[in-house]
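# Observations on chain architecture
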Amino acid sequence: MLNRLDDQTGKFLLRAGLGLLLLPHGIEKLLGGVLDVQRLLAAAGLPEPLGYGVFIGELVAPLMLIAGYHARWAALLVVINMLVAIALAHAAEVFAFDSDGIPVLELQYLFLLTALAVVFLGAGRWAFKGR
């Protein structure tokens, strides 16, 4: 049976794990630029400067999640980031499976659903700010 400590540990692992796994994607875009993201936006008829928003969803939000600072808001930013990424870069693969029957977008779905779980669960006790 789960006790309070287990619950808090689970919340910490969920949000910190999500942040730590997303952070390298943000660092990669910080070092390599957002030209690819801007091209996707332009192809969709959206303003290219919106591409800089990826830094919020893949750099700022993961740092907030790791620290537990406004974790629900950070997770919501990740949800938005993932929905936009799926819509712009992976729309044709939403229901696609590889030759082994594994969803092509399993990582994107895992990020999306984990972030959604943090939106509902919050940061837990082990956080800079626990909401």
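Up top is the structure these notes are about.
These notes cover the structure that comes with them. Position numbers for residues start from 1 in each chain and track the written sequence from start to end. Only residues with pLDDT of at least 70 are given local features in this predicted model, and only at 80 or more are side-chain atom pairs given and counted; all residues enter the totals for whole chains, interfaces and linings. Side-chain numbers come from the whole structure's heavy atoms, not from hydrogens or water.

### Remarks on the environment of leucine 59
- Runs of E in the DSSP output that reach at least two residues are strands. Runs of H or I that reach at least four are helices, and both are numbered from the N terminus. With respect to the helices, strands and loops of the structure, leucine 59 is situated in helix α3 (residues 54-67).
- On a C-alpha basis, the gap between leucine 59 and leucine 23 in space is 5.6 Å, while along the polypeptide they are 36 residues apart.
- It only takes one pair of heavy atoms within 4.5 Å for two residues to be counted as in contact. When neighbours within four sequence positions are excluded, leucine 59 is seen to be in contact with Leu23, Gly26, Ile27, Leu30 and Val54.

### A short note on the packing of aromatic side chains
- Two rings from Phe, Tyr or Trp (for Trp, the six-membered ring) form a pair when their centres are within 6.5 Å of each other. A pair whose planes differ by under 30 degrees is stacked, one over 60 is edge-to-face, and the rest are tilted. Taken as a whole, this structure holds 3 aromatic pairs when the rule is applied.
- Ring centres 5.5 Å apart and planes at 45 degrees place the aromatic pair tyrosine 69 and phenylalanine 128 in the tilted group. Linking tyrosine 69 in the loop between α3 and α4 (71-89) with phenylalanine 128 in the segment after α5 (106-121), this pair joins segments that are 59 residues apart in sequence.
- Only protein chains enter the accessibility calculation, which uses a 1.4 Å probe; a residue is then buried when its area is under 20% of its type maximum, exposed when over 50%, and partly exposed in between. For phenylalanine 128, a relative accessible area of 66% corresponds to the exposed category.

### Thoughts on the layout of surface pockets
- As a volume, the largest pocket reaches approximately 660 Å³.
- Definitions used for this entry: grid spacing 1 Å over protein atoms alone; cavity, a set of points where a 1.4 Å probe fits but cannot get out; pocket, an open set with protein on both sides within 12 Å along at least 5 of 7 lines; lining residue, one with an atom within 4 Å of a point. Looking at the largest pocket, it is lined by 32 residues, and the ones nearest its centre are Val37, Val54, Glu58, Asn81 and Ala85.
- Listed by contribution, the elements that provide at least two residues to the lining of the largest pocket are α1 (4-32), α2 (35-43), α3, α4 and α5.
- Here the element with the most residues in the lining of the largest pocket is α4; it accounts for 8 residues.
- Residues belonging to the lining of the largest pocket are distributed by class as follows: 19 nonpolar, 9 polar and 4 charged. Grid points are joined across faces, edges and corners, and a volume is the space filled by probe spheres set on the points. Residues are grouped as follows: Ala, Val, Leu, Ile, Met, Phe, Trp, Tyr, Cys and Pro are nonpolar; Asp, Glu, Lys and Arg are charged; every other residue, Gly included, is polar.

### A look at α5
- The first and last C-alpha atoms of α5 sit 22 Å apart over 16 residues, in line with the 22 Å expected at 1.5 Å per residue.
- Directly beyond the C-terminal end of α5, a positive phi value near 85 degrees is found at glycine 122. Multiplying one less than the number of residues by 1.5 Å gives the expected span of a helix.

### Some details on unusual backbone geometry
- One non-glycine residue, histidine 70, adopts positive backbone phi at about 45 degrees.
- Structurally, histidine 70 is set in the loop between α3 and α4.

### Overview of the pattern of salt bridges
- For salt bridges, the criterion is a side-chain nitrogen of Lys or Arg within 4 Å of an Asp or Glu carboxyl oxygen. Using the criterion set out here, one finds 4 salt bridges in the structure.
- In this structure, the salt-bridge partner of aspartate 7 is lysine 11, at a minimum N-O distance of 3.6 Å. Taken together, the residues span about one helical turn, with aspartate 7 and lysine 11 both in helix α1 at a distance of 4 residues.
- Judged by its relative accessible area of 30%, aspartate 7 is partly exposed.

By themselves, these figures tell us nothing about what the structure is for.
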